[in-house]
Amino acid sequence: MSEARPNTTTSSAARWVLRTPEIRQAQLRHSRQTVLLPALLVVVLLPFLPADMPWALAALTFALSGAIAGCLGVSVGFHRHFAHRAFRAKPWLRAVMAIAGQTAGQGPVIYWTALHRRHHSFSDQPGDPHSPRAAAQDKPRHPWQAFWYAHVGWATDHAVPMPTRYAADLRTDPLISRINDAYLWCLLAGLLLPTLIGLVWTGTRQGALVGFYFGGVLRMVASTQFIWAINSVCHTFGSRPHDTGDFSTNCAWMAPLSFGECWHNNHHHRPTHARFGHGWSQPDPGWWTIQTLRFFGQVWGVLEDGADAQARDPLTDAAPPKAVEERRS
Ligand SMILES: [Zn+2]
Ligand SMILES: [Zn+2]
């Protein structure tokens, strides 16, 4: 793998983003609500869990909520469908994917899409919102400090990509815009659903607490760390079978809980390709989900060919100027 080739300038990296004191306050507030509070609840509620733990309920609510938020919501919906437009989907499914993704606590769908498209435009260069390499270039940092910034620190410290530039296609979609505005309600629904499952399963408040704990707060803590690890771990450790000009990697050990996102070097090689894992040795639950939805006719136009994928790059046909021009200016 050759060294990444810095080809952006400070001026191009500072373009098309917003950074104000109000945004910084909103980032701090969001991190307190979706990162610190769930982590605190995981610790505080531990002594209140029943001694005769219903482990089947705990596993079901954790797995179900994780699959809805992490797989269908973030990996299939936010990432492959909304950010990269790797396949087309029926309106009801677009709505479900947007709602499911918003239960993960990673921000509203339009913000997330804009942020991720920005990541690909400036991958590991100045302007990338969450890159260990860009963080080290931005200011003198020890490599582990830069890694920590890419994993956690960026969440309260990044310039926010302008939706008018990076997600114009979603801003003009009335259904997605309405769901985007209902972000907090989606977050609450993601906590309420496993709580209700626990209540119905056992008929007791203890059961509701188990559902809330495993399917709500513990799931949110786990999914946040795995999603953030794609930004940090999968741009630092692992293999680089494709020379993508950045430091994206494939990390096999993250396969069980990343829903295929850990094949990140494959993804940077062909960003609008719907399939991330190549072959049986690279399990890709997100891809299996897309195939299942396609089997039932809810998904079509799935991009599996590099040439087709290039033709539908969301940044080159959604908003001028073209991403490649932005990177080189
Ligand atoms: Zn990446
Ligand atoms: Zn991507």
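Everything numeric here is computed off the predicted structure, so don't read it as measured data. (Residues numbered from 1 in each chain as written. Chains lettered and ligands numbered in written order. Predicted model: local features only at pLDDT ≥ 70, side-chain atom pairs only at ≥ 80, totals over all residues.)

The subject of this paragraph is the nonpolar core. In this structure, F87, V109, A274, I290 and V302 are the most contacted members of the largest nonpolar core, which totals 48 residues. For this core, the element with the most residues is helix α3 (residues 55-83), which contributes nine residues. Excluding residues that lie within four positions of it along the chain, A274 makes contacts with R80, A86, F87, W287, I290, V302, L303 and E304. With nine residues, the next largest nonpolar core counts F62, L191, V210 and V217 among its residues. (Core = buried A, V, L, I, M, F, W, Y, C linked by C-beta atoms within 7 Å. Buried ≥ 20, exposed ≤ 12 C-beta atoms within 10 Å, placed from the backbone. Helix = DSSP H or I, 4+ residues; strand = E, 2+ residues; numbered from the N terminus. Contact = placed C-beta atoms within 7 Å.)

So, about the packing of α3 against helix α5 (residues 109-121). Taken N-terminus to C-terminus, the directions of α3 and α5 make an angle of 65 degrees; their axes are 10 Å apart at the nearest point. Taken as a pair, α3 and α5 cross one another with a handedness that is right-handed. Here α3 contributes F78, H79, F82 and A83 to the contact with α5, which in turn contributes V109, W112, T113, H116 and R117. Of the residues belonging to the contact of α3 with α5, the class tally is five nonpolar, three polar and one charged. (Axes fitted to C-alpha atoms, helices over the stretch in contact; angles between N-to-C directions. Left-handed = near helix turned anticlockwise from the far one by under 90°. Nonpolar A, V, L, I, M, F, W, Y, C, P; charged D, E, K, R; others polar.)

Attention now goes to the packing of helix α11 (residues 183-202) against helix α12 (residues 205-232). Where α11 contacts α12, the two axes come as close as 7 Å, and the packing angle between them is 145 degrees. The chirality of how α11 crosses α12 is right-handed. Contacts between α11 and α12 involve L191, P194, T195, I197, G198, L199, W201 and T202 from the former and Q206, G207, A208, V210, G211, F212, F214, G215 and G216 from the latter. Looking at the contact of α11 with α12 residue by residue, the class counts come to nine nonpolar, eight polar and no charged.

Mean pLDDT over the protein chain: 89, with 89% of residues reaching 70 or higher. Counting interchain partners and residues more than four positions distant, the pLDDT-below-50 stretch residues 316-329 has 18 contacts. (pLDDT = per-residue confidence, 0-100.)

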